[in-house]
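# Fold and geometry: a report
Residues per chain are reported as follows:
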Amino acid sequence: MPKSVAFIGLGNMGFPMCKNLLQGGFLVSGLDLSPAACERFRSLGGVPFETIADAVHTADYVITMLPTGKHVRQVYEGPEGVLKHARKGTVLIDCSTIDIESSRTVNTAAAGAGFDMVDAPVSGAVPAAIEGRLTFMVGGTDTAYALALPPLQAMGKNFFHVGAAGCGQAVKICNNMMSGMSMVAISEVFTLAERLGLDYQTVFDVVTKSSGNCWALQQYCPVPGPVPTSPANNEYAPGFSVAMMLKDMRLSQQAAEQVKASTPLAGAAAAIYQMVASSGYSDLDFSVVFKLLSGRLLESDTASQVDRVASQERIAS
Ligand code: NAD
């Protein structure tokens, strides 16, 4: 008998993850506030529902892929939530990237209601979600981790059980803090190199064979040219948006504040992404930070900025 998954949050990540679950032989029911997302999901062969109760009541697994901790708490808690309507024995898996406190709060409530739950945020972004090669960083008990693995294996390639509930979020936040700072550093380097009269390709060729090399430079170079697949060659279409990176940098600073860790560089990087977002570029790829640092966010972009600020406000609301 095929196992069933109720998937909540059928957005940029959730949709391809559902596709891989269906291809992996799972029966998948879905729920999203967006009618367009539900229709797209139906076209895959998934079954969309309008209420959490209907989506989850017979599911073997519930998987959530939602924007923030507030959304995750809304979906799991309260009289209409997953914890009230899932049947006993359902395994709960939150793949969203959210703050550690919300993650632990929901996990504790799930345990109190008798459910096994893991936080299982992902790395790899949309291309890895499409190709079923996400990396999962999983927090929870040994039992919950073992129970959660089968659907994760349909969506990913690398699985790390990194500790108790909330530890998946903690590792994810550390990873993205590194990646956010790296992109600012690389963008500053190309800005300096350009003004020193060097060309991008020369700098790329040397640094990728030298001590400054890193993943963000090799895979995600913020200047056009050296890495043909990077968003810089496609007008900074995401990829991973400034809004998402800003959210993750803020999560890192919130976590650092809570445990009194000194993270001055990450604080500066968060402020730089805030500047990019405030300039109206929230929905472009985070590597567009290069345009800010190199002085390329020009007046001529003002018209499109108006649209972008409007869309940013829609996302925030
Ligand atoms: P998205 O905005 O494309 O999708 C989120 C979906 O959740 C939307 O379709 C929205 O309508 C739906 N939603 C919101 N509240 C809901 C509710 N109460 N009930 C049902 N549906 C609801 O976002 P995404 O890019 O898919 O990202 C989802 C999560 O994955 C985020 O936490 C993000 O940080 C994380 N993530 C994203 C990427 C990426 O590259 N996009 C990479 C790694 C991790």
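In what follows, the accompanying structure is described. (Residues numbered from 1 in each chain as written. Predicted model: local features only at pLDDT ≥ 70, side-chain atom pairs only at ≥ 80, totals over all residues. Heavy atoms only, no water.)

### Remarks on the site of the ligand
Of all residues adjacent to the ligand, which total 22 residues, the nearest are N12, M13, D32, L66 and K247. N12 has a polar backbone atom sitting 2.9 Å from an oxygen atom of the ligand. Here an oxygen atom of the ligand sits 2.9 Å away from a polar atom, N or O, in the main chain of M13. Here the ligand loses 87% of its free accessible area of 830 Å² to cover by the protein chains. Sorting the residues of the shell around the ligand by element identifies α4 (69–76), α7 (125–130) and α12 (242–259) as the ones contributing at least two each. Classifying every residue of the shell around the ligand by side-chain character gives 12 nonpolar, 7 polar and 3 charged. (Near = heavy atom within 4 Å. Polar contact = N/O pair within 3.5 Å; in protein donor to acceptor, adjacent residues only side chain to side chain. Areas by Shrake-Rupley, 256 points an atom, 1.4 Å probe, with all protein chains shown as cover. Helix = DSSP H or I, 4+ residues; strand = E, 2+ residues; numbered from the N terminus. Nonpolar A, V, L, I, M, F, W, Y, C, P; charged D, E, K, R; others polar.)

### Considering a nonpolar patch on the surface
On the surface, a nonpolar cluster with roughly 220 Å² of combined accessible area is contributed by F160, V162 and V171. With respect to the helices and strands, V171 occurs in helix α9 (residues 167–195). Judged by relative accessible area, which is 33%, V171 ranks as partly exposed. (Patch = residues over 30% accessible without salt bridge, like charges linked within 9 Å, V, L, I, M, F, W, Y side chains within 5 Å. Salt bridge = Lys/Arg side-chain N within 4 Å of Asp/Glu carboxyl O. Buried < 20%, exposed > 50% of the residue type's maximum accessible area, 1.4 Å probe, protein only.)

### Description of the nonpolar core
Grouped together as the largest cluster of nonpolar side chains are 36 residues, with contacts concentrated most on F190 and Y273. At the level of elements, α9, α10 (200–207), α11 (215–220), α12, α13 (264–281) and α14 (289–293) are the ones that each hand at least two residues to this core. Here this core gets 8 residues from one element, more than from any other, and that element is α13. Those residues in contact with F190, other than ones at most four positions away along the chain, are Y200, V203, L217, C221, P222, V223 and F290. Counting 31 residues, the second largest nonpolar core, distinct from the first, contains M13, L21, Y61 and V122. (Core = buried A, V, L, I, M, F, W, Y, C linked by side-chain atoms within 4.5 Å. Contact = heavy atoms within 4.5 Å.)

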